[in-house]
Amino acid sequence: MWYNISISPLGGRLIVFSQLYCTINREEIFCFGNKKCRIYTVFSVSQTPNKVIAKRGENMHINMLNEATPIKPYLYNGYLEAILFQHKDYKEWLYSNYIQLVYYNEYDRSIYLDYEVPTIYGGCPLLRYSKVEIKEKNEFFYYIKELIKDGKYIYIFLDEYYVPTRLAYHKEHYIHDQLIYGIDEEKEIFIIIGYDENHNFVTSEISFEECYQGYMQTDDNWYLAFLTMTDEEYKMDINKIKIMFEDYLYSRNSKEHWEQYMDLSDYRSEFYDTRNNVDSSYGIGIYEALTKGIYHCMEEDIEIDYRIAYLICEHHSLMKDRILYYIDKKILPNDKDLISAIDDLIDMTKQMMHACFKSIYAKDRMSIYKRLITNIQSIKEKDQMIVSTILERLGA
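In this text the structure is predicted, and so the values were computed from the model without any measurement. (Residues numbered from 1 in each chain as written. Predicted model: local features only at pLDDT ≥ 70, side-chain atom pairs only at ≥ 80, totals over all residues. Heavy atoms only, no water.)

Focus: the overall build of the protein
Thought 1: A tally of regular secondary structure across the protein gives 10 helices and 15 strands.
Thought 2: Relative to its full complement of 396 residues, the protein shows a buried share of 58%.
Thought 3: Sequence separation of at least 24 residues holds for 68% of the intrachain contacts in the protein that already meet a minimum separation of 6.
Thought 4: Accessible surface, the protein as shown: approximately 16,800 Å² in total, 47% of it carbon and sulfur. (Helix = DSSP H or I, 4+ residues; strand = E, 2+ residues; numbered from the N terminus. Buried < 20%, exposed > 50% of the residue type's maximum accessible area, 1.4 Å probe, protein only. Contact = heavy atoms within 4.5 Å. Areas by Shrake-Rupley, 256 points an atom, 1.4 Å probe, with all protein chains shown as cover.)

Topic: the sheet that holds strand β15 (residues 280–282)
Thought 1: The strand order across the open sheet built from 3 strands is β8-β7-β15, with neighbouring strands paired in antiparallel fashion. If you trace the sheet from one side to the other, it starts and ends with β8 (113–115) and β15, each paired once. Going across the sheet, the axis of each strand differs from the next one's by a mean of 25 degrees, ignoring polarity.
Thought 2: Both strand β7 (residues 101–104) and β8 contribute to a ladder of 3 bridges, which runs antiparallel. Counterpart to Tyr103 in the pairing with β8 is Leu113.
Thought 3: Along the sheet face, helix α8 (residues 307–328) touches β7 and β8 and points at about 30 degrees away from the line of β8. (Pairing = 2+ DSSP bridges. Axes fitted to C-alpha atoms, helices over the stretch in contact; angles between N-to-C directions.)

Here's the deal with the packing of aromatic side chains
Thought 1: For the coordinates displayed, the defined rule picks out 20 aromatic pairs.
Thought 2: Ring centres 5.0 Å apart and planes at 90 degrees place the aromatic pair Tyr98 and Tyr115 in the edge-to-face group. In this pair, Tyr98 sits in the loop between α2 (90–94) and β7 while Tyr115 sits in strand β8, placing the two residues 17 residues apart along the sequence.
Thought 3: The class for Tyr115 is buried, based on a relative accessible area of 3%. (Phe/Tyr/Trp six-rings, centres within 6.5 Å; stacked < 30°, edge-to-face > 60°.)

Observations concerning the state of the cysteines
Thought 1: Enumeration over the complete set of coordinates arrives at 0 disulfides.
Thought 2: Take Cys297: it sits in no disulfide, and the sulfur closest to it among the cysteines is that of Cys356, at 9.2 Å. (Disulfide = S-S within 2.5 Å.)

As for the nonpolar core
Thought 1: Membership of the largest hydrophobic core comes to 102 residues, with the highest contact counts inside it found for Phe245, Ile323 and Tyr326.
Thought 2: Of the residues forming this core, the biggest block, 12 residues, is contributed by α8.
Thought 3: Setting aside residues no more than four positions away along its own chain, Ile323 makes contact with Leu332, Leu338, Ile339, Ile342 and Ile390.
Thought 4: Core analysis: the second largest hydrophobic core is formed by 22 residues, Phe140, Ile154, Leu158 and Tyr215 among them. (Core = buried A, V, L, I, M, F, W, Y, C linked by side-chain atoms within 4.5 Å.)

Regarding the pattern of salt bridges
Thought 1: Applying the stated criterion to the full structure yields 16 salt bridges.
Thought 2: With its nearest N and O atoms 3.5 Å apart, the salt bridge here joins Arg252 to Glu246.
Thought 3: Residue Lys320 pairs with Asp343 through a salt bridge whose shortest N-O separation is 2.8 Å. Taken together, the residues Lys320 in helix α8 and Asp343 in helix α9 (residues 336–359) connect sequence positions 23 residues apart.
Thought 4: In the salt-bridge network here, residues are joined through shared partners; they are Lys88, Asp89 and Lys235. (Salt bridge = Lys/Arg side-chain N within 4 Å of Asp/Glu carboxyl O.)

Comments concerning the confidence of the model for the protein
Thought 1: Here the protein averages 83 in pLDDT, while 83% of its residues score no lower than 70.
Thought 2: Looking across the protein, the model is least confident in strand β2 (residues 13–18), with a mean pLDDT of 29, and most confident in helix α5 (residues 238–249), with 97.
Thought 3: Note that residues 1–50 has pLDDT below 50 and, in this model, 175 contacts with residues that lie over four places away or in other chains. (pLDDT = per-residue confidence, 0-100.)

Structure (structure tokens):
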């Protein structure tokens with residue numbers, strides 16, 4: 001079942017049902033420089049077919065991009081994966097990452113659960129993030145045009161008051177990150193991707209003039225970040241993968257050896273430093289943290305952050321794809337019992353996900369929370385068994 005749920009700053013919800021897959025969109029308030037910006041989030045529990053876009057012509061230059069990325073917990077992941085899918089070693093990258101989870105134990109944070117993984121802000125050896133400060137209009141258009149023609153992607157913050165198809169368009173001033181990946185010089189428009197007024201992750205157009213106006217409203221963010229996909233080879237490092245699985249199983253703080261997760265030569269302090277000093281739980285430890293979080297919701301009689309359940313479900317769904325890839329590569333032996341156990345775990349997390357969603361509207365929220373606590377313990381035990389088996393098969 002598919003729920004496409006979006007939460008506005010005022011808490012309103014847009015709910016759509018289908019029978020294909022399950023996603024959640026949400027916004028995060030993110031401090032970038034001295035300015036608060038909103039970053040949407042998306043959770044998907046199954047992969048959608050790739051929608052690949054690319055076009056070249058005399059006056060039109062659209063770089064290759066995948067609208068339906070397999071990982072979209074947040075835009076800083078979604079944009080990264082939308083670009084990287086075309087890399088020759090993309091599967092090696094994908095199935096070497098997104099193993100470790102981190103849960104932020106502060107109840108006033110807008111994001112509780114996340115992947116411990118490189119983002120568009122840096123740390124990924126397959127993508128380079130560079131900045132150029134620009135204020136003049138002529139420079140603005142020139143740099144974007146030349147960078148796009150050179151096969152690069154533009155990561156930029158705009159005031160969505162000036163961005164067509166956005167909820168804030170001509171309604172409110174709303175700073176948000178965008179990805180520009182194409183240009184039509186004849187029509188004088190840029191091609192961008194992001195969330196439209198219906199909270200769909202889609203391509204849209206913005207005129208040169210409105211793009212510049214939106215850019216100039218961002219005050220201290222007067223710069224373009226251009227992204228370049230490298231041709232660097234990426235091959236799985238089984239020893240690093242073992243460390244990630246061990247970190248997950250034993251709830252170890254990944255940041256104590258972050259070089260296993262990040263290319264620290266491309267570290268962006270403006271993003272990562274905001275999270276480094278937050279009290280956190282890791283791997284299997286997220287279940288205990290989640291249980292405490294549910295008790296907190298019970299005490300305060302508030303809604304659970306159901307995005308957590310969606311991300312856990314996505315994590316386990318990706319784990320199945322990962323194990324199948326390892327089997328295909330002869331990294332792991334074919335193990336039908338292991339695959340069956342992961343399928344069971346996915347079903348268990350889907351039930352948790354549906355319970356979290358149901359609790360939003362239930363009159364007797366407390367009884368659902370009590371069942372969730374019991375279910376989380378069962379999920380934790382199943383997850384421990386599966387990861388222990390994987391490590392054993394990897395020879396750890």
